[in-house]
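The chain contents come next:
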Amino acid sequence: MRLQNIPPEYQRALPILKKIEHAGFEAYFVGGSVRDVLLQQPIHDVDIATSAFPAEIKEIFPRTVDVGIEHGTVLVLENDDKYEITTFRTESTYQDFRRPDHVEFVRSLEEDLKRRDFTINAFALKEDGEVIDLFSGLVDLENKVLRAVGDPHERFHEDALRMMRGLRFVSQLGFELDEETFDSILENHELLAKISVERITIEFVKLLLGKHRQQGLEMFVQTQCYLYCPELQNAKEALLRFANLTDKQIHKEVHAWVLLADQLGLSEGEIRPFLKSWKCSNDLIKKTQAVFAGLQFRKKAFFTKQLLYTLGEEQALLAEELLPYFDRTPQLEKVQQMYQELPIFSLRDLAITGHDLMTAFNQKPGKWLKDVLSACEEAVIDGKIENKKEKLLEFGRVFLAEY
Ligand code: ATP
Ligand code: MG
């Protein structure tokens, strides 16, 4: 099959392929971008595979960076673009069900394509638009089937992460798992225990953000892969509920975690340990906690000024955006307006400082100071007093008299 319209991303990269071929080697577009072009979807990264060894690539191009030379990948800088060019390779002696313990550079495209995970990820596209399809990936694309290249059992033993990748492609593309591939994942799902949590998390998040999340989550449950993911051993029902929530696609990672935590029935305090087990960053954990808290409140009532102040505008809006998953209409503008009308946005905006209070009341710092400041903050946000120094001092005086 020959591609009629070569997309602009490939057009720009064609001179790279030509230069490599000029030097007497083969070069092709490979990987996910070829799949996406054939599916008429936008492409993100243009990967190039070549028979030239890394040293040979570096002789052809004046500007290169060794980004992963031990795996055969050289980054080529041409004009304003960057391309990862990877030497054809085979991956051998997988001893631990995860990544090869060594890669071998080869001159054969076929050897390179054979080590790829699924038939729809194992195309190569020639400079003239010819699609090289050694494993009937085009038929699988047409039938919307996700099939391991070669013997699925062997492929999942080589790298168990491929099972999670398979499930996330189901979710992203809405494809069915080929029967033999499905059976093999079910049979081998325990091998996921060998895979680092970080690699699993990347695929799981992509699964949750997929357009066909329902299908992806159902397969995640049916293949039993969930049993080997952090803290999901008892989550079968919750995952199926999540699958059936609505078919509205999730676009933000924080939303995915909040909805998952909600379906799992976690309390606010359980979110940190849960996300720690998935090795999420502290920033993401904090954000998830805040949005989760906002959502729980928002399911029952509209935000109060205090809560908006505590959450901050960004997090309040992120919580608001989740209402459609619960058949409610978000009121983003109302949230924004209410936030903008807050008299202060942080303690720094208060017309009084700790220093002012210590001087006025001639006292050393202590718990009292924090308590007065919090009380002032709260009263100002609620509009009980104006944010003016004299008013706040007077308020402080009364507060301390009763302290
Ligand atoms: P995405 O669109 O999300 O980037 P992708 O298919 O391009 O999906 P990448 O992780 O970018 O995924 O990998 C590029 C290509 O490398 C894949 O299409 C596949 O051919 C091959 N590949 C990646 N990971 C594996 C793996 N674990 N086992 C076998 N082949 C893999
Ligand atoms: Mg990719």
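In this text, all values refer to a predicted model and were calculated from it rather than measured experimentally. (Residues numbered from 1 in each chain as written. Chains lettered and ligands numbered in written order. Predicted model: local features only at pLDDT ≥ 70, side-chain atom pairs only at ≥ 80, totals over all residues. Heavy atoms only, no water.)

### A look at the packing of aromatic side chains
And step 1. Within this structure, the stated rule accounts for 14 aromatic pairs.
And step 2. These aromatic residues form a ring-pair network of at least three members: Phe-204, Phe-220, Tyr-226, Trp-257, Phe-274 and Trp-278.
And step 3. Directly above the ring of Phe-169 sits Arg-168, whose terminal nitrogen or CZ lies 4.2 Å from the centroid.
And step 4. The positively charged end of Lys-299 is found above the aromatic ring belonging to Phe-326, 4.5 Å away from the centroid. (Phe/Tyr/Trp six-rings, centres within 6.5 Å; stacked < 30°, edge-to-face > 60°. Lys NZ or Arg CZ within 6 Å of the ring centre and 35° of its normal.)

### Looking at the pairing of strand S1 (residues 27-30)
And step 1. Of the two faces of S1, the one holding Ala-27 and Phe-29 and the one holding Tyr-28 and Val-30 are both buried throughout.
And step 2. Sheet topology note: the S1/strand S8 (residues 124-125) ladder contains two bridges and is antiparallel. Directly across from Val-30, in S8, lies its bridge partner Ala-124. (Buried < 20%, exposed > 50% of the residue type's maximum accessible area, 1.4 Å probe, protein only. Helix = DSSP H or I, 4+ residues; strand = E, 2+ residues; numbered from the N terminus. Pairing = 2+ DSSP bridges.)

### Things to note about the nonpolar core
And step 1. Phe-29, Met-164, Phe-220 and Trp-257 are the most contacted members of the largest nonpolar core, which totals 119 residues.
And step 2. Residue contacts for Met-164: discarding those within four places in its chain leaves Leu-192, Ile-200, Glu-203, Phe-204, Phe-220, Cys-225 and Cys-229.
And step 3. Counting nine residues, the second largest nonpolar core, distinct from the first, contains Tyr-28, Val-30, Ala-49 and Ala-124. (Core = buried A, V, L, I, M, F, W, Y, C linked by side-chain atoms within 4.5 Å. Contact = heavy atoms within 4.5 Å.)

### A look at the environment of Leu-77
And step 1. With respect to the secondary-structure elements, Leu-77 resides in strand S4 (residues 73-78).
And step 2. Excluding anything up to four places from it in sequence, Leu-77 contacts Arg-63, Val-65 and Lys-82.

### Section: the site of ligand 1
And step 1. Surveying the vicinity of ligand 1 reveals 14 residues, the closest of which are Arg-35, His-44, Asn-121, Arg-162 and Arg-168.
And step 2. The backbone of Gly-32 places a nitrogen or oxygen atom 3.2 Å from an oxygen atom of ligand 1.
And step 3. Within the side chain of His-44, an N or O atom sits 3.0 Å from an oxygen atom of ligand 1.
And step 4. Listed by contribution, the elements that provide at least two residues to the shell around ligand 1 are helix H2 (32-38) and helix H7 (161-173). (Near = heavy atom within 4 Å. Polar contact = N/O pair within 3.5 Å; in protein donor to acceptor, adjacent residues only side chain to side chain.)

### Remarks on a negative patch on the surface
And step 1. Together, Asp-151, Glu-154, Glu-179, Glu-180, Asp-183 and Glu-187 make up a negatively charged patch on the protein surface.
And step 2. For the negative patch, the leading source of residues is helix H8 (residues 179-188), giving four residues.
And step 3. Its place among the elements puts Asp-183 in helix H8.
And step 4. According to the relative accessible area criterion, Asp-183 is partly exposed, its value standing at 40%. (Patch = residues over 30% accessible without salt bridge, like charges linked within 9 Å, V, L, I, M, F, W, Y side chains within 5 Å. Areas by Shrake-Rupley, 256 points an atom, 1.4 Å probe, with all protein chains shown as cover. Salt bridge = Lys/Arg side-chain N within 4 Å of Asp/Glu carboxyl O. Lys, Arg positive; Asp, Glu negative; His and termini not counted. Charge placed at Lys NZ, Arg CZ, Asp CG, Glu CD.)

### Quick word on the domain arrangement of the protein
And step 1. Here the protein is partitioned into domain 1 (1-143), domain 2 (144-244), domain 3 (256-342) and domain 4 (347-401).
And step 2. The C-alpha-based centres of domain 1 and domain 4 are spaced at 64 Å. (Domains from an automatic or database assignment.)

### Details of the environment of Val-37
And step 1. Looking at where Val-37 falls in the secondary structure, it is placed in helix H2.
And step 2. The spatial distance from the C-alpha of Val-37 to the C-alpha of Ile-6 is 8.6 Å, given a sequence separation of 31 residues.
And step 3. When near neighbours in sequence (up to four residues on either side) are disregarded, Val-37 contacts Leu-3, Pro-7, Tyr-10 and Ile-43.

### Some points on unusual backbone geometry
And step 1. Even without being glycine, Asn-79 reaches a positive phi, approximately 50°.
And step 2. For Asn-79, the location among the structural elements is in the loop between S4 and strand S5 (81-87).
And step 3. Asn-79 gets classed as exposed once you look at its relative accessible area, which sits at 66%.
And step 4. For Lys-279, which is not glycine, the phi dihedral falls at a positive 60°.

### Remarks on the pattern of salt bridges
And step 1. Across all of its chains, the model carries 26 salt bridges by this definition.
And step 2. The salt bridge involving Asp-128 is made with Arg-2; its shortest N-O contact spans 3.1 Å. Remark: Arg-2 occurs in the segment before helix H1 (8-22) and Asp-128 occurs in the loop between S8 and strand S9 (131-132); sequence separation between them is 126 residues.
And step 3. Where Asp-371 meets Lys-367, a salt bridge forms, and the shortest distance between an N and an O atom there is 2.7 Å. Of the two residues, Asp-371 and Lys-367 are both situated in helix H19 (residues 367-381); the distance of four residues between them amounts to about one turn of the helix.
And step 4. Three or more residues joined by partner-sharing salt bridges are found here, namely Arg-2, Asp-128 and Glu-130.

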